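Structural characterization, general
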Amino acid sequence: MKPFITILLALFSTNIYAQCEQAFFSFDEGATFEYTSYDKRGREDGKNITKILKVEGNEAFVHAELHDKDGNKLVDNEYTVICEDNRIKIDFRQFAVGNLNDKSAKDAEIIMEGDFMELPNDLTPGQELPEAKGTVTIKVEGAPMNMTNEISIKRTVDGKETITTPAGTFETYRLSETTTSSMNMMGMRRTVTTKSKSWIARGVGMVKSESYDKRGRLIGTSVLTSLTK
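One structure accompanies this document, and this report is about it. This is a predicted model, so every value here is computed, not measured.

This structure, assessed with the given rule, holds 15 salt bridges. Across the pair D76 and K73 runs a salt bridge, and its minimum N-O distance is 3.0 Å. For D76, a relative accessible area of 44% gives the class partly exposed. Judged by relative accessible area, which is 46%, K73 ranks as partly exposed.

Below is the structure:
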């Protein structure tokens, strides 16, 4: 039985490796990605530094930091990415990065609940990706009530595109995204819908993203400016 079990384990490991190698994310332990954010006028307004802390089997444990334009750390966050069934599943906790501003980040606790965001390895133009839903609850020390933000993300594959950034040239797929956020605080509810586009590459993940207002005008850009593996 031992040789048979060994063969099964080898085949299983090879299958996991093949799936993760084709994923739109990095499963290279120690890989570090630096994203620079720009406002609508192209002025730098912050950085996001993401590092693959550890890879165990088909799971990558990720650490992300959000910094303002002066280099001050605003948010420190960890989440998990799983590679299985020919797709990746991204822990909804990734959305904690960017949910706080510099005034509230220090004394706040973030509670994330929701689905994994799924991203298949095989993409085709016009494809609708699985919708992701979750809830972000922000507890700020000294505040009378918590803030709850219910998030829904719908995505469609637009097509292929070659993107060049300071980190290199990448063959990407462009995704159109619609994010609906329903915020509830002190009994008052406000719903906001935003549009964005993301460019993703195999073995990397996001290379570039753009955010737009309700009139379709560009309000912000995030670009992969440094990549170390």
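So, next bit.
In this structure, D85 is a non-glycine residue whose phi angle is positive, near 55 degrees. For D85, the position within the fold is in the loop between β4 (73-84) and β5 (87-90). Judged by its relative accessible area of 56%, D85 falls in the exposed class.

On to the packing of aromatic side chains, then. Within a pair of aromatic rings, the relevant descriptors are the distance that separates the centres and the angle that separates the planes. Scanning the model with the defined rule gives two aromatic pairs in all. Judged by centre distance (5.7 Å) and plane angle (90 degrees), the ring pair of F24 and Y173 falls under edge-to-face. Within this pair, whereas F24 is found in the loop between α1 (2-21) and β1 (32-39), its partner Y173 is found in strand β10 (residues 168-185), the two being separated by 149 residues in sequence. Accessibility expressed as a relative area gives 2% for F24, which makes it buried. By relative accessible area, which is 11% here, Y173 ends up buried. Where F25 meets F27, the ring centres are 6.0 Å apart and the plane angle is 75 degrees; that geometry is what we call edge-to-face. Taking NZ or CZ as reference, K54 lies 5.2 Å from the ring centre of F61, over its face. Seen from the ring of W199, K208 lies directly overhead, with NZ or CZ sitting 5.0 Å from the centre.

On to the pairing of strand β12 (residues 205-212). As judged from the seven bridges shared by strand β11 (residues 188-201) and β12, these two strands associate in the antiparallel manner. Across the sheet, S196 pairs through a bridge with S211, a residue of β12. Hairpin connection between β11 and β12: a loop of three residues separates the two successive antiparallel strands, and G203 in this loop has a positive phi of roughly 75 degrees. In this structure, β12 lies alongside strand β13 (residues 218-228), joined through five bridges in antiparallel fashion. Its bridge partner being in β13, S211 is matched across the sheet by G220. Here β12 folds back onto β13 in antiparallel fashion, the turn holding five residues, of which G216 has a positive phi close to 85 degrees.

The rules behind the values
- Residues numbered from 1 in each chain as written.
- Predicted model: local features only at pLDDT ≥ 70, side-chain atom pairs only at ≥ 80, totals over all residues.
- Heavy atoms only, no water.
- Salt bridge = Lys/Arg side-chain N within 4 Å of Asp/Glu carboxyl O.
- Buried < 20%, exposed > 50% of the residue type's maximum accessible area, 1.4 Å probe, protein only.
- Helix = DSSP H or I, 4+ residues; strand = E, 2+ residues; numbered from the N terminus.
- Phe/Tyr/Trp six-rings, centres within 6.5 Å; stacked < 30°, edge-to-face > 60°.
- Lys NZ or Arg CZ within 6 Å of the ring centre and 35° of its normal.
- Pairing = 2+ DSSP bridges.

Remember, this is a structural readout, not a statement about activity or role.
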